[in-house]
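Listed below are the residues making up each chain.
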Amino acid sequence: MKIGRNAPCPCGSGKKYKKCCLDKASPPVDLLWHRLIKAQDDLINKLVAFAKRVLGEIGLVHATGEFLRWPDADEIDELIEDHMSLFTPWYLFNWVYDPDDSAVELNVPAYVTIAEMYLAENRARLDNLQVRFIETAVEIPFTYHEVIECKPGRSFTLRDAFTGAENNVLEKTASQMIMVGDLLFGRVMTVDHVSILLGCSSFSIRPLWKPSIIDLRRHIKKEFDVITDDVVEYYEGDIRDLYFSLYEAVMQPPEMVNTDGDPMEFQTLRYDIDDAETAFEKLCSLADASETCEDLRKDAVLDDHGRVVEAEIPWLRAGYKKVAGPENTVMGRLMIKGNTLEVEVNSNARAESITAEIRKRMGSSARHTGTETRTANEMWPTDTDGVRNGSMLPPEQHELMASPEVRKHLVRIFGDHWKGWMNEKIPALGGKTPRQAVKTADGRESVEALLLDARRDIEQNGLQEIFEQDPIEQVRRKLGLDRPLKTQTGRSPSTGGGEAFKNIKSMIEAFGREHYIENISDLAVKLCHRLECGEEFSLDRGRPEIWASAILYVIGQLNFLFDHEHADSLSPQDLCDDLGTNQRTVSSKALLIRRTCDIRFLDPEYSLPEIMEMLSFYESPDGELSPTSMIDDFEDAKPVHPKQLIDHATDSPREHSNPNPEGSGSNQKKQRKSKEKPSHSGGKQLNLFDEE
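Residues numbered from 1 in each chain as written. Predicted model: local features only at pLDDT ≥ 70, side-chain atom pairs only at ≥ 80, totals over all residues. Heavy atoms only, no water.

## A word on the overall build of the chain
Okay, so step 1: Secondary structure assignment for the chain yields 27 helices and 14 strands.
Okay, so step 2: In the chain, which comprises 692 residues, the share counted as buried stands at 45%.
Okay, so step 3: Pairs at least 24 apart in sequence give 64% of the contacts found in the chain among residues at least 6 apart.
Okay, so step 4: Only carbon and sulfur atoms are counted for the fraction: they give 50% of the accessible area of the chain, which is about 35,900 Å². (Helix = DSSP H or I, 4+ residues; strand = E, 2+ residues; numbered from the N terminus. Buried < 20%, exposed > 50% of the residue type's maximum accessible area, 1.4 Å probe, protein only. Contact = heavy atoms within 4.5 Å. Areas by Shrake-Rupley, 256 points an atom, 1.4 Å probe, with all protein chains shown as cover.)

Right under this line is the structure:
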């Protein structure tokens, strides 16, 4: 029998249960996580065997082709190996057989996932956690999640790039390999208030690529003001197409070019020469007056007669072609030693240019003996992500970086670069300049992502130590990114990080801990984030205590927190007294939130799983409805979602109503596969809590 929070503690202390042993009775998060992972592993093994039995090889091949977006046959094996961590959970929990869009005929129910087929056949043999695992997983789409906080070896906090929902995910391995600002493509599912990744890309997406995701989000928002999981599911094909495009971009390193815009290809050209002095005299003017031949001779090695034996000549050109910077471009380097000449350049175009110049100046006195070519990747060591690693730079480069003159020179180059960058049209920003892009919320987010990526490059190349002031932060200030963007209404659009939001969130979480209702407060934080990211409300306006009370009030109503017959009940007055607010004011604001956000009874976004399960029914073959708790044999019974009962009782038309009397979850899958648009309003539902 469940012990109420306010009941005397059974330990005999005389205290209320909530003030004594309730915390001790709750299993620790790590234990819940292990239970969930075990359920996941057991289910996946069973589902793989089940899929092999009911679908066979032909079903697997067909699903593989659909997941990979039908690549060439010779690419499938390599691609599926790279994406197996995504494909397996997608195949088991998301893929459905669509006879209207399939070249093969399969003897399985249409528009039903493998997991749902397995559940229908084996529900009686599964424990409660496994049932809830399947029911939760099949409703969650794959999407992009940005890492906003990371505790290596423990967990990270992810924010859905489309819906804005945040989840703290326990993940001990992946959390050691990613950084704040990275994005992951996968599915986050929460059961018993523990969130895990059920399917995730094998690579992280750097902030550099975030503007592509923002661009897709902007496209979706042209159709839907609020992006929900149903909307994400509707755009599942577009979202997965973008994932494979990003995969190709990440796996194919960007082409490195020099200041002329030519692909970098390091070439060393070798010549035999008649004598060093003659070569020096004919080639020293390549320094382009930045250094005179007399200056170069002073640094050369001379023989007893004052003739050059060894010398180094920089090949310079006045100005930079592509960017504003120093007065000269270093085109290459010529090294004379005895009867040999070596020329180092960083592109094929420059190699051809210097070859013609040497032929013109020296004629037959310089004879080409060979060329050694190396790519940029061969020249520069990289880390596991294919990023040049500053800690692996050669010792001589570290010594060079220590020179005050070199540091001053580099600071000026970087300063000129970033000054020009702010007014440069950037393809990732849709051809806009950063100054133009920061005029919108999406543009600011994209520019911030590009700057974060640039900061990483500076740190990974070991260049941060040369700057007295952070160059990226200077750019942010010049672009106004250190100040909130004002919209036409005078409000600052937010992504969930404002001070008001943080204060309200803190109050909600503290209330949940104090009253041992963290499950309720978690849902309240989710609603708070929605209000912060939307344009309907400004959390900066009004007392944070009233906002926290009203948000908890909404969630409490949806989940029967104020039902006096419930063992863990609170009264609305208790809630308001605790936060120092007036119940009438809070009730009015809660009603406004529900109506404005169209939050209805049994909204899956804000209802506890046990509430949804408690109000779930099954229909027997003869049409009799029974609560789930009274069903012994699930083999012939069909699940009926409580919303269907409400819709039927109110006789209200719904955009997603099921015209098939035999259907339930299967028809929902068909709608998603056939790309029927999710409803903007969610349809009319019975609202049990409207207060006039």
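## Some points on the packing of helix α2 (residues 29–54) against helix α7 (residues 128–137)
Okay, so step 1: The contact between α2 and α7 brings their axes to 10 Å, and the two run at 75°. Classified by the angle between their axes, α2 and α7 sit roughly perpendicular to one another. Note on element contacts: α7 touches α2 through Leu129, Gln130, Phe133 and Ile134, opposite Arg35, Leu36, Ala39, Gln40, Asp42, Leu43 and Lys46.
Okay, so step 2: Class assignment of the residues belonging to the contact of α2 with α7 gives a composition of six nonpolar, two polar and three charged. (Axes fitted to C-alpha atoms, helices over the stretch in contact; angles between N-to-C directions. Parallel < 35°, antiparallel > 145°, perpendicular 65-115°, else oblique. Nonpolar A, V, L, I, M, F, W, Y, C, P; charged D, E, K, R; others polar.)

## Observations regarding the packing of helix α20 (residues 499–514) against helix α22 (residues 544–558)
Okay, so step 1: In contact at an axis separation of 9 Å, α20 and α22 are set at 50° when each is read in the N-to-C sense. The angle between the axes of α20 and α22 places the two elements in the oblique class. α22 is crossed by α20, and the crossing has right-handed handedness. Counted together, Ile504, Met507, Ile508 and Phe511 of α20 and Pro544, Glu545, Trp547, Ala548, Ile551 and Leu552 of α22 form the full contact between these two elements.
Okay, so step 2: Residues of the contact of α20 with α22, tallied by class, amount to nine nonpolar, no polar and one charged. (Left-handed = near helix turned anticlockwise from the far one by under 90°.)

## Examining the packing of aromatic side chains
Okay, so step 1: Applying the stated criterion across every chain yields a total of 22 aromatic pairs.
Okay, so step 2: Centroid distance Phe50 to Tyr118: 5.3 Å. Interplanar angle 75°. Geometry classified as edge-to-face. Separated by 68 residues along the polypeptide, Phe50 in helix α2 and Tyr118 in helix α6 (residues 114–122) bring together distant segments of the chain.
Okay, so step 3: Accessibility expressed as a relative area gives 5% for Phe50, which makes it buried.
Okay, so step 4: Their ring planes at 20° and their centres at 4.6 Å tell us that Phe185 and Tyr243 sit as a pair that is stacked. Note that Phe185 is positioned in strand β4 (residues 183–191) and Tyr243 in helix α10 (residues 236–251), a separation of 58 residues in sequence. Just as Phe185 is buried, Tyr243 falls in that class too.
Okay, so step 5: Between the NZ or CZ atom of Lys589 and the centre of the ring of Trp547, over which it lies, the distance is 4.0 Å. (Phe/Tyr/Trp six-rings, centres within 6.5 Å; stacked < 30°, edge-to-face > 60°. Lys NZ or Arg CZ within 6 Å of the ring centre and 35° of its normal.)

## Notes on α2
Okay, so step 1: Across its 26 residues, α2 extends 36 Å between first and last C-alpha, which sits within 8% of the 38 Å expected from 1.5 Å per residue.
Okay, so step 2: Looking at α2, one finds that the buried residues are Leu32, Trp33, Leu36, Ala39, Gln40, Leu43, Ile44, Leu47, Phe50 and Ala51.
Okay, so step 3: Backbone geometry just after α2 places Gly56 at a positive phi near 70°. (Expected span 1.5 Å × (residues − 1).)

## A few points about the confidence of the model for the chain
Okay, so step 1: With 75% of its residues at a pLDDT of at least 70, the chain reaches an overall mean of 80.
Okay, so step 2: Low confidence marks residues 487–496, where pLDDT is under 50. Its contacts with residues over four positions away, or in another chain, come to 24 contacts. (pLDDT = per-residue confidence, 0-100.)

## Quick notes on the environment of Glu233
Okay, so step 1: Tracing the backbone through its elements, the reader meets Glu233 in helix α9 (residues 229–234).
Okay, so step 2: Judged by relative accessible area, Glu233 falls into the buried class, the value being 15%.
Okay, so step 3: Along the backbone, Glu233 and Glu139 are 94 residues apart, and their C-alpha atoms lie at a distance of 8.9 Å.

## With respect to the state of the cysteines
Okay, so step 1: For the structure on display, the rule yields one disulfide.
Okay, so step 2: Here Cys284 is linked by a disulfide to Cys293, with a sulfur-sulfur distance of 1.9 Å. Classification of the bridge connecting Cys284 and Cys293 rests on its S-S torsion, roughly 80°, and on that basis the disulfide is right-handed.
Okay, so step 3: For Cys293, a relative accessible area of 25% corresponds to the partly exposed category. (Disulfide = S-S within 2.5 Å.)

## Considerations on the pairing of strand β5 (residues 194–200)
Okay, so step 1: Counting buried positions along β5 gives seven out of seven residues, so the element sits mostly inside the fold.
Okay, so step 2: Between β4 and the antiparallel strand that follows it, β5, lie two residues; Asp192 among them carries a positive phi value of about 55°. (Pairing = 2+ DSSP bridges.)

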